[in-house]
Amino acid sequence: MSTRGEFGFIDFIKGHFPCPDGICGIGDDCAVIPSSEGDLLFSTDLLMEGVHFLRDESSPEDVGWKAAAVNISDIAAMGGIPVATFLSIALPEDAQGEWAERFMEGYAQISRRYDVPLLGGDTTSSLRDIAVNVGILGRCQAGKCLMRSSAKVGETIYVTGPLGDSAGGLQVILKGLERSEEMNVLVNRHKRPVPRVREGQMLMESGKVSAMMDISDGIASDLRHIMKASGVGAVVALDRLPCSPELLSVCDGQGWDRYGLQTSGGEDFELLFTGPAGLEYELDFHIYPIGETVCGNALTWTVNEEPVDFDYNGYTHF
Ligand code: ADP
Ligand code: MG
């Protein structure tokens, strides 16, 4: 199985479980199920101790925030409204008291902020590691969800905000660096991602966006999902990727590869989408054009409008 990689395994599953007519199943940020009240959205994400968070490095409140945030972001990625979450949690003995209660405090903070109630779940013990799975239900106007598969050749590719902060924050944590103010900003972006729910809805309501997804694995990987699902190629200008002043400064100081972090790091949870040129002048919030869709299936990176040899692939689990 491991030779197929994470996405090869998902393709394997998809091949064995055909999707019922009228439903969008495996392959997008959420499944989309039409109903008489509009489209229902459903998604689920698993967070494993040691893989997605380290108990020594993340406060329980931060883990609780992030567990809900990554799911709310998948609803945002369709242009939807989050309705409710469901939380399943496996707790080893040493996390069953204070850790679990503090986890729930972080989960409650983001649930209040986005007005999403927790409506159910499951609780079990675990032999060693903490595992957290969140399922989320959302809704969207019938037929209006923004899928990954609707990009067309000749469109502009946009993102909603700076890329690479979360990856920079993770590096600060992993390297155990003494933290400057800028580094603290990056670490906070890594621990407390802010799903772009309002932006996702406004993009959906604009009627101008063709395809959309959220950036969880880095654009080097995530843009390829839109390309594959839509049958388009892409040209992306590395020197047009929005970058926070904090990341710029930390990369300069540490000698880090900024473009590597910005394309492959993931977990920024900004939205990545395609639409007509000039959309940045039409909306009430900032969006950043970073490239164009083209014929074919290749992803070309440029600097100063010239193609560059740049080979980053984004994060995959195996
Ligand atoms: P995201 O990063 O948006 O959460 P993923 O890359 O994790 O999406 O998953 C890609 C697609 O594959 C999604 O539609 C997801 O529902 C589906 N998927 C992933 N793992 C499984 C699985 N074990 N069984 C069925 N579908 C899966
Ligand atoms: Mg997603």
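Everything quoted here is computed from the prediction, not taken from an experiment.

Asks: How should I be thinking about the nonpolar core in this particular structure?
Replies: Looking at soluble globular proteins, one finds that nonpolar side chains tend to be buried together. Counting 48 residues, the largest nonpolar core has Leu-41, Ile-72, Trp-99, Phe-103, Val-132, Leu-203 and Phe-273 as its most contacted members. Within the residue set of this core, elements represented by two or more residues are strand 2 (38–48), helix 2 (60–76), strand 3 (81–91), helix 3 (98–113), strand 5 (131–140), helix 6 (197–206) and strand 9 (271–275). Element by element, the count of residues in this core is highest for helix 2, at nine residues. The contact partners of Val-132, leaving out residues within four places of it in the chain, are Asp-45, Leu-46, Leu-47, Ala-67, Leu-87, Ser-88, Ile-89 and Phe-103. Counting 22 residues, the second largest nonpolar core, distinct from the first, contains Leu-163, Met-213, Ala-234 and Trp-301.

Asks: What exactly am I supposed to notice about the site of ligand 1 here?
Replies: The full set of residues close to ligand 1 is Phe-7, Ile-10, Ile-13, Ile-26, Gly-27, Asp-28, Asp-29, Asp-45, Asp-74, Arg-148 and Ser-216. Interatomic distance of 3.0 Å between a side-chain N/O atom of Asp-74 and an oxygen atom of ligand 1. Calculation on ligand 1 without its partners gives an accessible area of 560 Å², and the protein chains cover 66% of this total. The dominant element in the shell around ligand 1, judged by the number of residues it contributes, is helix 1 (residues 5–16), at three residues. The residue inventory of the shell around ligand 1, partitioned by class, reads four nonpolar, two polar and five charged.

Asks: Can you help me understand the packing of aromatic side chains in this one?
Replies: Any two aromatic rings considered together are summarised by their centre-to-centre distance and by the angle between their planes. Within the structure shown, the criterion is met by five aromatic pairs. Considering the side-chain rings of Phe-9 and Phe-12, the 6.2 Å spacing of their centres and the 15° angle between planes classify their relative orientation as stacked. Note that Phe-9 and Phe-12 are positioned in helix 1 at a spacing of three residues, about one turn of the helix. Under the relative-accessibility criterion, Phe-9 is labelled partly exposed at 25%.

Asks: Got a minute to help me understand the coordination of the magnesium ion (ligand 2) in this structure?
Replies: Metal coordination angles in their ideal form are 109.5 degrees for the four-donor tetrahedron and 90 or 180 degrees for the six-donor octahedron. Taken together, the protein donors to the magnesium ion (ligand 2) comprise Asp-29 (OD), Asp-74 (OD) and Asp-214 (OD), at separations of 2.0 to 2.1 Å. Assessed through its relative accessible area of 1%, Asp-214 is described here as buried.

Asks: What am I meant to see in the sheet that holds strand 6 (residues 156–159) here?
Replies: Whether parallel or antiparallel, the strands of a sheet pair through hydrogen bonds between backbone atoms. Within the open sheet, the seven strands sit side by side as 7-9-6-10-8-11-12. Their pairing is mixed. Across the chains shown, the open sheet's two edge strands, defined by having one partner strand only, are strand 7 (212–214) and strand 12 (306–308). Pairs of neighbouring strands in the sheet enclose a mean axial angle of 30°, with direction left out of account. Alignment of strand 6 against strand 9, held across four bridges, turns out to be antiparallel. Paired with Val-159 across the strands is Leu-272, a residue of strand 9. Those strands touched by helix 6 are strand 7 and strand 9, and its axis lies near 10° from that of strand 9.

Asks: What should I look at first to understand the packing of helix 5 (residues 181–191) against helix 8 (residues 245–254) in this one?
Replies: In helix packing, the relevant descriptors are the interaxial angle and the interaxial distance, both defined with respect to the helix axes. Across the interface, helix 5 lies against helix 8 with an axial gap of 9 Å and an inter-helix angle of 120°. Considering the angle they form, helix 5 stands oblique to helix 8. The hand of the helix 5/helix 8 crossing is left-handed. Counted together, Glu-182, Met-183, Val-185, Leu-186 and Arg-189 of helix 5 and Glu-246, Leu-247, Ser-249, Val-250 and Gln-254 of helix 8 form the full contact between these two elements. Of the residues assigned to the contact of helix 5 with helix 8, the class counts are five nonpolar, two polar and three charged.

Asks: Got a minute to help me understand the side chain of Asp-29 in this structure?
Replies: Position of Asp-29 relative to the elements: it lies in the loop between helix 1 and strand 1 (31–35). Its relative accessible area of 5% is what places Asp-29 among the buried residues. Here the side chain of Asp-29 touches Arg-148 through a polar contact of 2.9 Å, side chain to side chain. The contact partners of Asp-29, leaving out residues within four places of it in the chain, are Ser-43, Asp-74, Ala-77, Met-78, Arg-148, Met-212, Met-213 and Asp-214.

Asks: Teacher, can you tell me more about the sheet that holds strand 1 here?
Replies: In space, the five strands of this open sheet follow the order 1-2-5-3-4, with mixed pairing throughout. Looking at which strands have only one partner, the edges of the open sheet turn out to be strand 1 and strand 4 (118–125). Averaged over neighbouring strand pairs, the angle between their axes works out to 15° when direction is ignored. In this sheet, strand 4 lies alongside strand 3 in parallel orientation, the contact comprising seven bridges. Of the residues in strand 4, the one forming a bridge with Ser-88 is Asp-122. Sitting on the sheet, helix 2 is in contact with strand 2, strand 3 and strand 5, with an inclination near 145° to strand 2.

Reading the values: the criteria
- In every chain, residue numbers begin from 1 and rise along the written sequence.
- Written order determines the labels here, with chains lettered from A and ligands numbered from 1.
- Whole-chain, interface and lining totals are the exception, using all residues; otherwise, since this is a predicted model, local features are given only for residues with pLDDT of at least 70 and side-chain atom pairs are given and counted only at 80 or more.
- Derived side-chain values reflect all non-hydrogen atoms in the structure, with water molecules and hydrogen atoms excluded from consideration.
- Only buried residues count toward a nonpolar core, which is a set of Ala, Val, Leu, Ile, Met, Phe, Trp, Tyr and Cys residues joined through side-chain atoms within 4.5 Å.
- Any residue under 20% of the maximum accessible area for its type is buried, any over 50% is exposed, and the rest in between are partly exposed; the area is computed with a 1.4 Å probe on protein chains only.
- By definition, any uninterrupted DSSP run of H or I lasting at least four residues is a helix, any uninterrupted run of E lasting at least two residues is a strand, and each is numbered from the N terminus.
- In this description, contact between two residues means that some pair of their heavy atoms is separated by no more than 4.5 Å.
- The cutoff for a nearby residue is simple: one of its non-hydrogen atoms must lie within 4 Å of the molecule or strand.
- Polar contacts, as counted here, are pairs of nitrogen or oxygen atoms within 3.5 Å of one another; within protein the pair requires one atom able to donate a hydrogen and one able to accept it, and residues that are adjacent in sequence qualify only if both atoms are side-chain atoms.
- Per-residue and other accessible areas were derived by the Shrake-Rupley procedure at a 1.4 Å probe size, with only the shown protein chains allowed to occlude residues.
- Residues are grouped as follows: Ala, Val, Leu, Ile, Met, Phe, Trp, Tyr, Cys and Pro are nonpolar; Asp, Glu, Lys and Arg are charged; every other residue, Gly included, is polar.
- Note on aromatic contacts: the rings of Phe and Tyr and the six-membered ring of Trp form a pair at centre separations within 6.5 Å, being stacked when their planes are under 30 degrees apart, edge-to-face when over 60 apart, and tilted otherwise.
- Coordinating donors are taken to be N, O and S atoms lying within 2.8 Å of the metal, or within 3.2 Å when the metal is Na, K or Ca; because water is excluded from the atom set, some sites may appear incomplete.
- DSSP bridges decide pairing: two strands pair if at least two such bridges lie between them.
- In this analysis, axes come from line fits to C-alpha atoms, helices being fitted only over the stretch in contact, and the angle between any two N-to-C directions falls in the range 0 to 180 degrees.
- To sort the angles, those under 35 degrees are grouped as roughly parallel, those over 145 as roughly antiparallel, those from 65 to 115 as roughly perpendicular, and the leftovers as oblique.
- With the far helix as reference, a near helix turned anticlockwise by less than a right angle produces a left-handed crossing, and one turned clockwise produces a right-handed crossing.

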